[in-house]
Amino acid sequence: MAKTKGRAGLIAAGLGWGAALGIALGALVLVPAMPGEVDLGFSEFKADAPAKPDADDSELTEAEARAEEANDLLAQESGSIVSGALKDVPVTIVRTAAADADDVESVRWLLNAAGASDSGELTLTERFTDQAGADELSSIVANTLPSGAKLSVEERSPGLHAGESLATVLFDDGTNGESKTLPADRTLVLDTLQQAGFIEFNGSIVPAGAVVIVDGPSRGTDFGAKVLGDFAEALGAEGKTALASQGTEPDAIDGVKTVGGVDYEAGRIKSVLAVSSGGGEA
């Protein structure tokens, strides 16, 4: 990730690119406060868009170049944009198996720039969102339920129940920064899920004040999307939670800030600012 440069350089560069790029860059800077999809403002030129006549090649090339310039410039200013937004807030990243390593690393860098402390990183493996492992996941969750956690009796999806268990493990009490459950319970839940192949983690997972879930490309409406959405909703009911994915913004989830475009700087910035302002729709 590019390091922060001075505001004077930002203004000079913006003026040099002209009004059109200035408008695009302004939209990128403002997008954390705006609902809807997160992209570079040139979605009509995406690689998967319908083919256009050869006559439009020069326009496409120019738009891609401007989009890249805008993204690079925003990367230079990203640290100052988020600075202080999460001062002294411990934040855990939960990444999926589909999440891109660069996206995760960039989000963590921005969390640090925002003043957050690192409370750990947890990976949800492919097995976590695979229908073949759903019954075993539900069984493990029920048999390792930590003190203080309650499982929904109305909705029994594996993602929701796993989220209800892990929310108690991942979040602090919201008052004194203390754990919601006993240390032994946290160890039991995390170790059992890891041994069964549903999660992976290295180092310590300590109570967090916020959680950012980083996912890969949009999952559409498949079983994995349902599991991840339910999981995020359960976390959002217990603490500040954002779900950031590549491409278009995920469907709205109660109590969760959903963010698209985490593979672009605007989406990464928005995911950090999202958990600084509480749960709910972005």
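Above: the structure in question.
Presented here is an overview of the structure given in this document. What you are looking at is a predicted structure, and each value in this text was computed from that prediction instead of being measured. (Residues numbered from 1 in each chain as written. Predicted model: local features only at pLDDT ≥ 70, side-chain atom pairs only at ≥ 80, totals over all residues. Heavy atoms only, no water.)

**Remarks on the nonpolar core**
Part 1 of the reasoning: By size, the foremost hydrophobic cluster in this structure holds 31 residues, and its most contacted members are F128, I199, I213 and F231.
Part 2 of the reasoning: Going through the elements one at a time, strand 2 (117-124), helix 5 (134-143), helix 6 (158-170), helix 7 (183-195), strand 3 (199-201), strand 4 (210-214) and helix 8 (223-236) are the ones with two or more residues in this core.
Part 3 of the reasoning: In this structure, V107, L111, A116 and A210 belong to the second largest nonpolar core, which totals 24 residues. (Core = buried A, V, L, I, M, F, W, Y, C linked by side-chain atoms within 4.5 Å. Buried < 20%, exposed > 50% of the residue type's maximum accessible area, 1.4 Å probe, protein only. Helix = DSSP H or I, 4+ residues; strand = E, 2+ residues; numbered from the N terminus.)

**Description of the pairing of strand 2**
Part 1 of the reasoning: Sheet topology places strand 1 (residues 90-96) next to strand 2; six bridges connect them, and they run parallel. Opposite T96, over in strand 2, you have L124 as the bridge partner.
Part 2 of the reasoning: In this fold, the crossover linking strand 1 to strand 2 by way of helix 4 (residues 101-113) has right-handed handedness. (Pairing = 2+ DSSP bridges. Right-handed = clockwise from strand over helix to strand, strands pointing away.)

**Details of the packing of helix 3 (residues 57-82) against helix 9 (residues 265-276)**
Part 1 of the reasoning: It is at 9 Å that the axes of helix 3 and helix 9 come closest, and there the two elements cross at 15°. With respect to helix 9, the element helix 3 is oriented roughly parallel. For the crossing formed where helix 3 meets helix 9, the hand is left-handed. Contacts between helix 3 and helix 9 involve N71, L74, A75, S78, I81 and V82 on the former and, on the latter, E265, A266, I269, V272 and L273.
Part 2 of the reasoning: Split into classes, the residues belonging to the contact of helix 3 with helix 9 amount to eight nonpolar, two polar and one charged. (Axes fitted to C-alpha atoms, helices over the stretch in contact; angles between N-to-C directions. Parallel < 35°, antiparallel > 145°, perpendicular 65-115°, else oblique. Left-handed = near helix turned anticlockwise from the far one by under 90°. Contact = heavy atoms within 4.5 Å. Nonpolar A, V, L, I, M, F, W, Y, C, P; charged D, E, K, R; others polar.)

**Observations regarding the packing of aromatic side chains**
Part 1 of the reasoning: Summed over all chains, the structure comprises one aromatic pair.
Part 2 of the reasoning: Between F128 and F231, the ring centres sit 5.4 Å apart and the planes meet at 80°, which makes this aromatic pair edge-to-face. Separated by 103 residues along the polypeptide, F128 in the loop between strand 2 and helix 5 and F231 in helix 8 bring together distant segments of the chain.
Part 3 of the reasoning: For F128, a relative accessible area of 2% gives the class buried. (Phe/Tyr/Trp six-rings, centres within 6.5 Å; stacked < 30°, edge-to-face > 60°.)

**Brief notes about helix 3**
Part 1 of the reasoning: Across its 26 residues, helix 3 extends 36 Å between first and last C-alpha, which sits within 8% of the 38 Å expected from 1.5 Å per residue.
Part 2 of the reasoning: Regarding helix 3, the residues found buried are A63, A67, A70, N71, L73, L74, A75, E77, S78, G79 and V82.
Part 3 of the reasoning: Note on helix 3: the residue one or two positions beyond its end, G84, has a positive phi of about 80°. (Expected span 1.5 Å × (residues − 1).)

**What about the packing of helix 5 against helix 6?**
Part 1 of the reasoning: Two elements in contact, helix 5 and helix 6, have axes separated by 9 Å at closest approach and are oriented at 30°. Relative to helix 6, the element helix 5 lies roughly parallel. The way helix 5 lies across helix 6 gives a crossing that is left-handed. Contacts between helix 5 and helix 6 pair A134, L137, S138 and V141 from the former with P158, H161, A162 and S165 from the latter.
Part 2 of the reasoning: Among the residues forming the contact of helix 5 with helix 6, the class breakdown is five nonpolar, three polar and no charged.

**A look at the sheet that holds strand 1**
Part 1 of the reasoning: Pairing is mixed across the open sheet formed by six strands, whose spatial order is 3-2-1-4-5-6. The strands lining the two open edges of the sheet, one partner per strand, are strand 3 and strand 6 (257-259). The sheet shows a mean angle of 20° between the axes of neighbouring strands, taken without regard to direction.

**Observations concerning the pattern of salt bridges**
Part 1 of the reasoning: Scanning the model with the defined rule gives nine salt bridges in all.
Part 2 of the reasoning: Linking D118 and R108 is a salt bridge whose minimum nitrogen-to-oxygen distance equals 3.2 Å. Placement of D118 in strand 2 and of R108 in helix 4 is noted, with a sequence separation of 10 residues between them.
Part 3 of the reasoning: Ionic pairing is found between K226 and D230, a salt bridge with its closest N-O pair at 3.3 Å. Linking K226 with D230, this pair stays in helix 8, spanning four residues, or about one helical turn.
Part 4 of the reasoning: The class for D230 is buried, based on a relative accessible area of 9%.
Part 5 of the reasoning: In the salt-bridge network here, residues are joined through shared partners; they are D103, E265 and R268. (Salt bridge = Lys/Arg side-chain N within 4 Å of Asp/Glu carboxyl O.)

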